[in-house]
Amino acid sequence: MSILIPIEEIDVVDFKDFCSVFKIYSNSIEYFQEVDEILIIKELNKISDFNFVLNYINNKSGGFFRIQKFK
């Protein structure tokens, strides 16, 4: 059995928060037609040094995206 342990876990509320945390400049006008999950995945795929797992967590106080970073 294998166990994968992320080197970092990052929680973001939406795509705008994601851009702030990852210091990504994005023209928000072009992104109005897509959902946050797809936009985050597109940006994570551009980062070649790491692998990521993206999960949407929905709890009583509101939902958020948890990004787990692996080497």
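To be clear, the structure that these remarks concern was listed above.
How each quantity is defined
- Residues numbered from 1 in each chain as written.
- Predicted model: local features only at pLDDT ≥ 70, side-chain atom pairs only at ≥ 80, totals over all residues.
- Heavy atoms only, no water.
- Phe/Tyr/Trp six-rings, centres within 6.5 Å; stacked < 30°, edge-to-face > 60°.
- Lys NZ or Arg CZ within 6 Å of the ring centre and 35° of its normal.
- Buried < 20%, exposed > 50% of the residue type's maximum accessible area, 1.4 Å probe, protein only.
- Helix = DSSP H or I, 4+ residues; strand = E, 2+ residues; numbered from the N terminus.
- Arc of directions from axis to C-beta.
- Contact = heavy atoms within 4.5 Å.
- Core = buried A, V, L, I, M, F, W, Y, C linked by side-chain atoms within 4.5 Å.
- Pairing = 2+ DSSP bridges.
- Axes fitted to C-alpha atoms, helices over the stretch in contact; angles between N-to-C directions.

Participant: Just to check I follow, could you spell out the packing of aromatic side chains for this structure?
Facilitator: Here the distance between the centres and the angle between the planes together describe a pair of aromatic rings. Inspection of the entire model under this criterion finds four aromatic pairs. In this structure an aromatic cluster arises from ring pairing among F15, F18, F22 and F52. K69 extends its terminal NZ or CZ atom over the ring of F50, reaching a point 4.3 Å from the ring centre. One Lys or Arg, K71, reaches over the ring of F50 and ends 4.8 Å from the middle of that ring.

Participant: Even after reading the chapter, I still don't get helix α2 (residues 36-45), so can you show me in this structure?
Facilitator: An α-helical segment advances 3.6 residues per turn. Residues three or four places apart therefore align on the same side. Taken as a whole, α2 has its buried residues at L39, I40, E43 and L44. Buried residues in α2, looked at end-on, bunch into an arc of 130 degrees, giving them a common side. Buried residues belonging to α2 abut β1 (8-12), α1 (15-22), β2 (51-59) and β3 (62-70).

Participant: Hey, could you run me through the nonpolar core in this one?
Facilitator: What tends to happen in soluble globular proteins is that the nonpolar side chains get buried as a cluster. Ranked by size, the top nonpolar core spans eleven residues in total: I10, V12, F15, F18, C19, L39, I40, L44, L54, F65 and I67. At the level of secondary structure, the elements contributing two or more residues to this core comprise β1, α1, α2 and β3. Aside from chain neighbours lying at most four places away, what touches C19 is I24 and S26.

Participant: Looking at this model, I keep getting lost on the sheet that holds β2. Mind explaining?
Facilitator: The strands that make up a sheet are held in pairs by hydrogen bonds between backbone atoms, and each pair lies either parallel or antiparallel. The strand order β1-β3-β2 describes an open sheet built from three strands, whose pairing is antiparallel. Each having just a single partner strand, β1 and β2 make up the two edges of the open sheet. Sheet twist, expressed as the average angle between the axes of neighbouring strands with direction ignored, equals 25 degrees. Of the strand pairs in this sheet, β2 and β3 are connected by nine bridges, and their pairing is antiparallel. Looking across to β3, one finds that N59 is bridged to G62. Each of β1, β2 and β3 is contacted by α2, which is oriented at about 15 degrees to β3, the strand it contacts most.

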